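Tertiary structure, described
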Amino acid sequence: MNTFVQLMVNGLGKGAVYALLALGFVVIFKATEVINFAHGSLALIGGYVIAATVDMLGFPLAAALGIGGAGLAGLVIERLLLSRSRFADPNSLALLTIGVDVVVVEDVFRRLGTTVPYLGAPWDARPIQLGGVTLFSTQLVALLVGLVLITAFFVAFRYTDWGIAMRAQAENREAAALMGIRSSRVTATAWLVAGALAGVAVMFIVTQDFSGTGLSRSTHAIAFAAFPAAVIGGLDSTAGAVVGGVVVGLTQALTEVYVSIPFAKVAVFLVMLVVLVVRPAGLFGTRELSRV
C-alpha cells in the first residue's frame, strides 16, 4: 500500500510537469492551429541557460533567466519565422517547427559538448519520509508549483484581456479581428507563455529525482512526451491538457514499477492510441487529430 501511495504522489508530480508542457502545446494550437513540434527545444533552451549561469548567479536568478530565455525563444521563433508565413497552411507551419527543432537541438548539444549538467535544483535528491512512505522532493515541489501556475493560467485565461482575446480568436478568427482583436499580438503572447511554461518544466525534468539524467537528448524526448498528454486531453482544450498531463504522469509512474521501465515509455503512447480510438478528438477536445 505504501508503494502505491508513493507512486501516486510522485506520478502526480510528474503529471504536473507534463501538464505545464501540454498547456504550451494547447495554447499555441488554440492561437494558431499549428502543432509546435519545437516545444521540446524551448525546454532545452531554458535548461541550457540555467546550466550556463547557475554557477555564477545561483539557482534562483539562473532559473528566472532560463524561464525568460525559453519564453523569449518562443517569441523569436514566432516573430522571425511563423509570423512571416501567417497565410501558410497550418500543416506546413508544423513541418517548419520540426526544422526549427532539429536546428535548436543540434546547436544546444554542440555548445554543451560532452558535458551532461544537472541544473542544481536545491530540492533535488532529497527524499522525504512521511509515515513510512518515501516521496521524492522534486515531484512534491513540481506538484505545488504546477498547481500554482496552472491555477494562475486558468485565472488569466478566464478573466484577463489576453485570455478573452485568445478564446475569441480560437472560436472565430475572422469575427475576433472584426472586434478589434490583434491576431499577431495574441499569437506572439501564446508563444511567449508556452516557452515560459517549458522553461519551468525543464527545471524539474533535468534532476535526479525526475529523469535520473542531466541535460541531454533524453531531456528533449521526455519533454516531447507532453505531446501525447495534449492529444489525450484534446489539442484545443486547456483543461484537457492538465488531465492529459496527469494521465501521462501516473501511467509512467505505475508502469515503471509494476511492469518495466522500457514499457513505461511505450505505455503512454498506447494510452493515447486507445483514447483516440474511443474519442478521436481527445477526452475534452472538439477537433479530431485527423482534421488538424
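Described in the following lines is the structure provided in the data block. (Residues numbered from 1 in each chain as written. Predicted model: local features only at pLDDT ≥ 70, side-chain atom pairs only at ≥ 80, totals over all residues. Heavy atoms only, no water.)

1. Section: the pattern of salt bridges
Applying the stated rule across the entire model yields five salt bridges. Between arginine 79 and glutamate 78 there is a salt bridge, with its nearest N and O atoms 2.6 Å apart. Under the relative-accessibility criterion, glutamate 78 is labelled buried at 2%. A salt bridge links glutamate 106 to arginine 217; its shortest N-O distance comes to 3.2 Å. With glutamate 106 in helix 4 (residues 90-112) and arginine 217 in helix 9 (residues 217-224), this residue pair connects regions lying 111 residues apart in the sequence. The partly exposed category is assigned to arginine 217, whose relative accessible area is 46%. (Salt bridge = Lys/Arg side-chain N within 4 Å of Asp/Glu carboxyl O. Buried < 20%, exposed > 50% of the residue type's maximum accessible area, 1.4 Å probe, protein only. Helix = DSSP H or I, 4+ residues; strand = E, 2+ residues; numbered from the N terminus.)

2. Some words on the packing of helix 3 (residues 59-82) against helix 8 (residues 183-205)
The N-to-C vectors of helix 3 and helix 8 enclose an angle of 145°; their axes lie 7 Å apart at closest approach. The way helix 3 lies across helix 8 gives a crossing that is right-handed. Here Phe59, Ala63, Ile67, Ala70, Gly71, Leu72, Gly74, Leu75, Ile77, Glu78, Arg79 and Leu82 of helix 3 lie close against helix 8, whose contacting residues are Ser184, Thr187, Ala188, Trp191, Leu192, Gly195, Ala196, Gly199, Val200 and Met203. Class assignment of the residues belonging to the contact of helix 3 with helix 8 gives a composition of 14 nonpolar, six polar and two charged. (Axes fitted to C-alpha atoms, helices over the stretch in contact; angles between N-to-C directions. Left-handed = near helix turned anticlockwise from the far one by under 90°. Contact = heavy atoms within 4.5 Å. Nonpolar A, V, L, I, M, F, W, Y, C, P; charged D, E, K, R; others polar.)

3. Section: the nonpolar core
Val17, Tyr18, Leu21, Phe59, Met166 and Ile205 are the most contacted members of the largest nonpolar core, which totals 79 residues. The element best represented in this core is helix 1 (residues 2-32), accounting for 13 residues. Among all residues touching methionine 166, those that are not within four sequence positions of it are Val27, Lys30, Ala31, Phe157, Val186 and Ala190. (Core = buried A, V, L, I, M, F, W, Y, C linked by side-chain atoms within 4.5 Å.)

4. Brief notes about the environment of valine 193
Its place among the elements puts valine 193 in helix 8. Of the residues examined, valine 193 reaches a relative accessible area of 21% and is grouped as partly exposed. Taking the C-alpha atoms as reference, valine 193 lies 29 Å from glycine 113; in sequence the two are 80 residues apart. Beyond its immediate chain neighbours, meaning those up to four positions away, valine 193 contacts Phe153 and Trp162.

5. Some thoughts on the packing of aromatic side chains
Using the criterion set out here, one finds twelve aromatic pairs in the structure. Arranged with centres 6.4 Å apart and planes meeting at 75°, the rings of phenylalanine 25 and phenylalanine 224 form a pair that is edge-to-face. In this pair, phenylalanine 25 sits in helix 1 while phenylalanine 224 sits in helix 9, placing the two residues 199 residues apart along the sequence. What makes phenylalanine 25 buried here is its relative accessible area of 2%. On the numbers, 5.5 Å between centres and 55° between planes, the contact of phenylalanine 25 with phenylalanine 227 is tilted. Of this pair, phenylalanine 25 sits in helix 1 while phenylalanine 227 sits in helix 10 (residues 226-233); the two residues are 202 residues apart in sequence, bridging distant segments of the chain. The class of phenylalanine 227 is buried, set by a relative accessible area of 11%. Of the aromatic side chains, those joined through ring pairs into one cluster are Phe25, Phe37, Phe224 and Phe227. Stacked on the ring of phenylalanine 210, the Lys or Arg lysine 14 has its end atom at 5.4 Å from the ring centre. Directly above the ring of phenylalanine 157 sits arginine 167, whose terminal nitrogen or CZ lies 6.0 Å from the centroid. (Phe/Tyr/Trp six-rings, centres within 6.5 Å; stacked < 30°, edge-to-face > 60°. Lys NZ or Arg CZ within 6 Å of the ring centre and 35° of its normal.)

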